[in-house]
Amino acid sequence: MLGHVRESELKASLKDIHDAWENNKESEGSNMVKVDMTQWLGTLVLNIVVRVILGKRFPTNDEEGIHFQNVIRKTFELLGAFVASDYIPYMDRFNLGGYEKEMMLVWKEMDNIMDGLLQEHKREIESGQHFSIQSLLGSVQEEIDEHVGRDRPVAESDMKNLFYLEAVIKETLRLYPAGPLAVPHKSMEDCVMSGYNVPKGTRLLINLWKLQHDQNIWPDPDEFKTERFMTTDKHINVKGKHYELLPFGSGQRMCPGVFFALQALRLTLATLIQQFELVKPTDEQIDITKSSGLTTSKAMPLEVLLSPRSSLNT
Ligand code: HEM
């Protein structure tokens, strides 16, 4: 039902790249434009989610939008921060790392933003407006060219034919799960696990990252190898039934956004690759430094050179 939101937000974000490319061509005479993919993808995801939830859209480089994005980023960083008292409750009183103060500040910011958005909606409703819901990749490019062609933009209905794209997404989610420790769970009843008595109320943290890097299951676990999902592990999916790959968790508390996220990932990546040549600015390896936040990679700039592919009818 929300396919049109993903499609139109993606289109608007792609237009930003096209515009930047045109401007750059005029001013620099270059056929390539440097784009910070962290910023581009961050804005796209924010816009999709905000539009689904609030029916609102932040224009590109909008001050309020950038501020909102920064507060969300900080919230996720803090959600994943190592806070000693989460593990040893009596250390609460020492307030180590000063996280509590930082959390209160971010929470206040978030509260202000939400308050502003609610006031805005209240005004809209009162005024009668309705609140409506409104080189690795070379092979993916070949696959898209073969199954979709270049006469029309790739669509959600094409995804069933794009196996290599699916393998790239699974391998990315295996190596860099967005929530490496899922979210904390708590047992609702006393139970026995592997011979241990686990009392009711015990906090359980599941290391999804570790499961997905287990060398007894994944040969060369730290290598980005899409082939594994084209051959031996082709049957493994991310829907919570294969315990060796659980980027969205599993069971009753599994991520409810799994299908939404997969659709958005597939369409965004496929469209970007269909419409642009992507080149690393230097020969250096792209550094996806691991950090202790909720996500494994810190939100650092990821600059990629883009140029529109010729004869594509968008
Ligand atoms: C690549 C994208 C995403 C990944 C890898 C991801 C991953 C996860 C994981 C690992 C959990 C914890 C599951 C568990 O504890 O077993 C989770 C929970 C959750 N996710 Fe996602 N997620 C993604 C996108 C989304 C999206 C797009 C939404 C909403 C539109 C969403 C909403 C939620 C919610 C509400 C929960 C909490 C569920 C609960 O505790 O009952 N997620 N997600």
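As the structure is a computational prediction, the values presented were derived from the model and not from experiment. In this numbering scheme, every chain counts its residues from 1 along its sequence in written order. Two thresholds apply to this predicted model, a pLDDT of at least 70 for residue-level local features and 80 or more for giving and counting side-chain atom pairs, whereas whole-chain, interface and lining totals are computed over all residues. Values shown for side chains rest on all heavy atoms present in the structure; no hydrogens or waters enter the calculation.

## Describing the coordination of the iron atom of the ligand
Now for step 1: Water is absent from the atoms considered, so a metal site may look incomplete; donors are defined as N, O and S atoms within 2.8 Å of the metal, or 3.2 Å for Na, K and Ca. There is one protein donor for the iron atom of the ligand, and it is Cys255 (SG), at 2.3 Å.
Now for step 2: Tracing the backbone shows Cys255 in the loop between helix H8 (208-212) and helix H9 (258-275). For helices the rule is a DSSP run of H or I covering at least 4 residues; for strands it is a run of E covering at least 2, with both sets numbered from the N terminus onward.

## Observations regarding the site of the ligand
Now for step 1: One heavy atom within 4 Å of a molecule or strand makes the whole residue count as near it. Around the ligand sit 15 residues, and of these His185, Pro247, Phe248, Arg253 and Cys255 come closest.
Now for step 2: Any pair of nitrogen or oxygen atoms within 3.5 Å is treated as a polar contact; in protein, a donor-acceptor pairing is required on top of that, and neighbouring residues in sequence qualify only through side-chain atoms on both sides. Interatomic distance of 2.5 Å between a side-chain N/O atom of His185 and an oxygen atom of the ligand.

## Quick notes on the packing of aromatic side chains
Two aromatic rings, taken as a pair, are described by how far apart their centres are and by the angle between their planes.
Now for step 1: Pairing of aromatic rings covers Phe, Tyr and Trp, the last counted by its six-membered ring, and requires centre-to-centre distances within 6.5 Å; plane angles under 30 degrees mean stacked, over 60 mean edge-to-face, and any other angle means tilted. One pass over the full model with this rule turns up one aromatic pair.
Now for step 2: Between Trp218 and Phe229, the ring centres sit 5.8 Å apart and the planes meet at 55°, which makes this aromatic pair tilted. Of this pair, Trp218 sits in the loop between H8 and H9 while Phe229 sits in the loop between H8 and H9; the two residues are eleven residues apart in sequence, bridging distant segments of the chain.
Now for step 3: Each residue gets one of three labels from its accessible area relative to the maximum for its type: buried under 20%, exposed over 50%, partly exposed in between, using a 1.4 Å probe on protein chains only. Residue Trp218 is classed as buried on the basis of its relative accessible area, which comes to 1%.
Now for step 4: Geometry around Trp218 places Arg174 over its ring, the cationic atom sitting 5.2 Å from the centre.
Now for step 5: The ring of Phe163 has Lys234 sitting right over it, with the charged end atom 5.6 Å from the ring centre. Two limits define a charge over a ring: the Lys NZ or Arg CZ must be within 6 Å of the ring centre, and within 35 degrees of the ring normal.

## Details of the confidence of the model for the chain
Now for step 1: How sure the predictor is of each residue is captured by pLDDT, a score from 0 to 100. Mean pLDDT over the chain works out to 85, with 90% of the residues at or above the 70 mark.
Now for step 2: Model confidence for the chain, summarised as mean pLDDT per element, is weakest for helix H4 (residues 84-87) at 78 and strongest for H8 at 96.
Now for step 3: pLDDT under 50 marks residues 130-135. Its contacts with residues more than four places away, or in other chains, come to 13 contacts. In this description, contact between two residues means that some pair of their heavy atoms is separated by no more than 4.5 Å.

## Details of unusual backbone geometry
Now for step 1: The backbone of Ala182 shows a phi angle near 50°, a positive value even though the residue is not glycine.
Now for step 2: For Ala182, the position within the fold is in the loop between helix H7 (163-175) and strand S2 (185-186).
Now for step 3: Positive phi is not limited to glycine here, since Ser194 has a value of about 50°.
Now for step 4: As for its position among the elements, Ser194 is in the loop between strand S3 (191-193) and strand S4 (196-198).

## Regarding the environment of Pro153
Now for step 1: The residue Pro153 is located in the loop between helix H6 (138-147) and H7 in this model.
Now for step 2: Along the backbone, Pro153 and Gln275 are 122 residues apart, and their C-alpha atoms lie at a distance of 8.1 Å.

## Some thoughts on the pattern of salt bridges
Now for step 1: One speaks of a salt bridge when a side-chain nitrogen belonging to Lys or Arg is within 4 Å of a carboxyl oxygen belonging to Asp or Glu. Applying the stated rule across the entire model yields 13 salt bridges.
Now for step 2: Close ionic contact of Glu9 with Arg51 constitutes a salt bridge, the shortest N to O distance being 2.8 Å. Of this pair, Glu9 sits in helix H1 (residues 3-28) while Arg51 sits in helix H2 (residues 37-54); the two residues are 42 residues apart in sequence, bridging distant segments of the chain.
Now for step 3: Residue classification places Glu9 among the buried residues on the basis of a relative accessible area of 0%.
Now for step 4: Take Arg51: its relative accessible area is 13%, and that puts it in the buried class.
Now for step 5: Between Arg266 and Glu166 there is a salt bridge whose closest N-O contact spans 2.8 Å. Here Arg266 is found in helix H9, whereas its partner Glu166 is found in helix H7, with 100 residues between them in sequence.
Now for step 6: Counted as one network, the salt bridges with shared partners bring together Lys74, Glu77 and Glu102.

## Points about H7
Now for step 1: Expected helix span is taken as 1.5 Å per residue step, with the number of steps being one fewer than the number of residues. With 13 residues, H7 should reach 18 Å at 1.5 Å per residue; the first-to-last C-alpha distance of 18 Å fits that figure.
Now for step 2: Every buried residue belonging to H7 is among Tyr164, Leu165, Ala167, Val168, Ile169, Lys170, Glu171, Leu173, Arg174 and Leu175, and all of these are buried.

## Side note on the sheet that holds strand S7 (residues 303-308)
Backbone hydrogen bonds are what pair the strands of a sheet, in a parallel or an antiparallel way.
Now for step 1: Only strands joined by at least two bridges in the DSSP assignment are considered to pair. Pairing is antiparallel across the open sheet formed by three strands, whose spatial order is S1-S7-S6. One side of each edge strand has no neighbouring strand; the edge strands of this open sheet are strand S1 (33-36) and strand S6 (276-279). Across this sheet, the average inter-strand angle for adjacent strands is 40°, counted without regard to direction.
Now for step 2: Bridge analysis of S1 against S7 gives four bridges, and the strand direction is antiparallel. If you follow Lys34 over to S7, its bridge partner there is Leu305.
Now for step 3: Only the contacting stretch of a helix is used when fitting its axis, a line to C-alpha atoms as for every element, and angles between N-to-C directions run 0 to 180 degrees. Across the face of the sheet, H2 comes into contact with S1 and S7 while running at roughly 55° to S1.
Now for step 4: Packed on one face of the sheet, H9 meets S6 and S7 and runs near 95° to S6.

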